[in-house]
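A look at the structure
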Protein chains: 2
Amino acid sequence: MRIITREEIDAVLPKVDLIAEIEQGFIAYSRGQAVVPPVGELVLEDPPGDVHIKYGYIKGDDYYVIKVASGFYENPVNNLLPSSNGLMLMFNQQTGALVAVLLDEGSLTDIRTAVAGAIAAKCLAPSAVTRIGIVGSGIQARLQLQYLAPVTECRQVLVWGRNQASLDDYAAEMAAHGFEVATTTDARDVMATCNLIVTTTPAEKAILRAANLRRGIHVTAVGSDTPSKQEVATAILGRADLVVADSIVQCLERGEIHKALAAKKLNRTDIVELGSIIAGDAAGRTTDQQVTVADLTGVAVQDIQIAKAVYAAVVAAQ
Amino acid sequence: MRIITREEIDAVLPKVDLIAEIEQGFIAYSRGQAVVPPVGELVLEDPPGDVHIKYGYIKGDDYYVIKVASGFYENPVNNLLPSSNGLMLMFNQQTGALVAVLLDEGSLTDIRTAVAGAIAAKCLAPSAVTRIGIVGSGIQARLQLQYLAPVTECRQVLVWGRNQASLDDYAAEMAAHGFEVATTTDARDVMATCNLIVTTTPAEKAILRAANLRRGIHVTAVGSDTPSKQEVATAILGRADLVVADSIVQCLERGEIHKALAAKKLNRTDIVELGSIIAGDAAGRTTDQQVTVADLTGVAVQDIQIAKAVYAAVVAAQ
């Protein structure tokens, strides 16, 4: 059994082709080759925190994975700790023996989420991305943009947030990654000028409004992963040509799709799964004029794939 | 953050008053002071294995705990590994930070289960236990008997199993703990001669039959922790004066009570929770002539309490 530290994980990550690994996970999931039970959830109240347990395995694979990820959103104010935390556990599918503890402190959850965003953009963004819109300016807003770099040539970015100082920090930090970042505190600017938009906040009320919807855009909604969170107006999903879920069954219970179904702006049968599009089993975007929305609530296959890939890279690096 | 090894755990366990700690857990649970979401379950097929994830916290406490326990019942044959495995994770309730990883390899799950059996016997066994009946001869059969030692003066034991060699091993090993153990391969002998019976097998068909039911006995059913497992005939629960669950909500879905409810031998309103009896909020056994059954499916409060106690003892031992 192997304890893998945050430092070891950070050291091997650049060597791993995460997009390919996680695409394979989505394909296995959408083809019914993965066993992924419902997400376990633990809610803390004072201070508020939520803990998600995602777990499962790909049939015939060597390992099963249990991932714990928490969000304690008052941490940065209360104790200067990051809001995200967690770890991943990898077990032998033949014996139940613990194979590895990945002490990633939530970083692999953040990264596999960003990688899924890159995969959604690769499949669904218009052929010419002219400006990337990022909603939110936290860790996930940073990672989404960084992981978009290999899948789009666009380096023009507009970031939305409520706090100008945070936006300025974001712009400066992303400039170092080669992006030219303008800032706004009016979400309508994002809808008006960007054609690849990624939402990354824990909002519980829509930030992107349908009144501002243009043709030829793609929105990836990443922040909303519980039944109560929402970043995108249900009417945007209602008016989209294509609504994609990372997991249909999970999106019935949580995230933007859950909200749009509840508001009767969307039918369950209109939802296509990301893995089906990657595999070529279902059509993705067919014209640049379409409006597409991907709702990513985070599926255990992402955790399974990133844990396996990091473990293999750590073992190989020895 | 602290990684606690199996050796460290084994070294401190004798110093911890587990009965008192776990009784407090049951009381908190039955008084609604614990948050314990539904059990997470992952089923492996080839070879068969089941993985349970139990988690939760006591309100106002310092930690929340996530426990993983697996049973791969072909391990002893396939690869000489024990069938049980697992670990416990302890997190800070204020921040989500990982506080400790307890690499107990499933041993703390086995022990907290045995401690619950001792607590059930303490509350529910007739005042004079004349002979202890143990159904099964595996790890849990050993631990149940060992942990009964402080709560009863009885040292006369009859163990039931299908394999005589395993029974002989059991008898010899338990003799070293001060018990005088006879063996049988006919479960009717257990019903005919024992008045404190503990069942510890992963059977899926009742081993204890109602035809042999005498007055003045107590049965603790420990093995049945899934919807399909069963060790005790539903008619025994139907004819019992008192049926006790470690968790009523959990026993509606799994274990002996689940089976007896499905067979309409029992009403939901007749079930009393163990923590309510320990707290004195509900009556336990009132006469020595009663038949009582305790169905223990394993509740996260046991894991929470044993993890906290072991962690505190390890820190104190430094």
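**Here we look at the layout of surface pockets**
- Considering only enclosed or pocket space, the largest pocket measures out at about 1,200 Å³ in volume.
- As for the largest pocket, its lining consists of 46 residues, and the residues nearest its centre are A:Y73, A:S83, A:Q140, A:T200 and A:P202.
- Elements that contribute at least two residues to the lining of the largest pocket include exactly β4 (48–58), β5 (63–71), α3 (75–78), β6 (84–92), α4 (107–124), α5 (139–148) and α6 (164–175) of chain A.
- With five residues, α4(A) is the largest single contributor of residues to the lining of the largest pocket.
- Here the residues of the lining of the largest pocket are counted per class, giving 14 nonpolar, 22 polar and ten charged.
- Each of domain 1 (2–108 + 301–316) and domain 2 (126–298) of chain A accounts for three or more of the residues forming the lining of the largest pocket.
- When its volume is computed, the second largest pocket comes out at roughly 1,000 Å³.
- Residue lining of the second largest pocket: 41 residues in total, with B:Y73, B:S83, B:S84, B:T200 and B:P202 positioned closest to the centre.
- Here the element with the most residues in the lining of the second largest pocket is helix α4 (residues 107–124) of chain B; it accounts for five residues.
- Classifying every residue of the lining of the second largest pocket by side-chain character gives ten nonpolar, 22 polar and nine charged.
- For the lining of the second largest pocket, the two domains that each supply at least three residues are domain 1 (2–108 + 301–317) and domain 2 (126–298) of chain B.

**Focus: the pattern of salt bridges**
- One pass over the full model with this rule turns up 25 salt bridges over all chains.
- A:R188 is the salt-bridge partner of A:D186, the closest N and O atoms lying 3.0 Å from each other.
- Between B:R31 and B:D281 there is a salt bridge, and its shortest N-O distance comes to 2.9 Å. Placement of the pair is B:R31 in the loop between α2 (18–30) and β2 (34–35) and B:D281 in the loop between α11 (274–279) and β17 (292–295), with a sequence separation of 250 residues.
- Residue classification places B:D281 among the partly exposed residues on the basis of a relative accessible area of 47%.
- Here the salt bridges do not stand alone but share partners, grouping A:R6, A:D10 and A:E105 into one network.

**Comments concerning the pairing of strand β13 (residues 218–221) of chain B**
Residues and elements named next belong to chain B.
- Residue alternation in β13 divides its side chains into two sets, H218 and T220 and V219 and A221, and both sets are buried.
- Relative to β13, strand β11 (residues 196–199) runs parallel, the two sharing four bridges. Counted as the bridge partner of V198 is T220 from β13.
- Note: β13 against β17, four bridges, orientation parallel. Pairing of H218 across the sheet is with T292, part of β17.

**Points about the domain arrangement of chain A**
All names here are of chain A.
- If you check the domain split of chain A, you get domain 1 (2–108 + 301–316) and domain 2 (126–298).
- Each partner contributes to the interface: domain 1 provides 15 residues, whereas domain 2 provides 20 residues.
- Carbon and sulfur atoms supply 56% of the area that domain 1 and domain 2 bury against each other, a total of about 1,500 Å² over both sides.
- The largest share of the area that domain 1 buries against domain 2 comes from F26, Y29 and S30, three residues that together contribute 28% of it.
- On the surface where domain 1 and domain 2 come into contact, there are two salt bridges.
- Summed over the shared surface of domain 1 and domain 2, the number is eight residue pairs in polar contact (both at pLDDT 80 or more).
- Looking at the side of domain 1 that touches domain 2, the elements with two or more residues in it are α2 (18–30) and β4.

**As for the interface of chain A and chain B**
- Each partner contributes residues to the interface: chain A has 37 residues there, and chain B has 37 residues.
- For the pairing of chain A and chain B, the buried interface totals around 2,800 Å² over both sides, and the portion due to carbon and sulfur atoms is 72%.
- The tally of links between chain A and chain B comes to zero salt bridges.
- The interface formed by chain A and chain B holds six residue pairs in polar contact (both at pLDDT 80 or more) in total.
- When residues of the side of chain A that touches chain B are traced back to their parent elements, those giving at least two are β3 (40–45), β4, β5 and β6 of chain A.
- Sort the elements by how many residues they give to the side of chain A that touches chain B and β3(A) lands first, with six residues.

The rules behind the values
Residues numbered from 1 in each chain as written. Chains lettered and ligands numbered in written order. Predicted model: local features only at pLDDT ≥ 70, side-chain atom pairs only at ≥ 80, totals over all residues. Heavy atoms only, no water. 1 Å grid on protein atoms, 1.4 Å probe; cavity = no way out; pocket = protein on both sides within 12 Å on 5 of 7 lines; lining within 4 Å. Points joined across faces, edges and corners; volume = space filled by probe spheres on them. Helix = DSSP H or I, 4+ residues; strand = E, 2+ residues; numbered from the N terminus. Nonpolar A, V, L, I, M, F, W, Y, C, P; charged D, E, K, R; others polar. Domains from an automatic or database assignment. Salt bridge = Lys/Arg side-chain N within 4 Å of Asp/Glu carboxyl O. Buried < 20%, exposed > 50% of the residue type's maximum accessible area, 1.4 Å probe, protein only. Pairing = 2+ DSSP bridges. Contact = heavy atoms within 4.5 Å. Buried area = accessible area lost by both parts, 1.4 Å probe. Polar contact = N/O pair within 3.5 Å; in protein donor to acceptor, adjacent residues only side chain to side chain.

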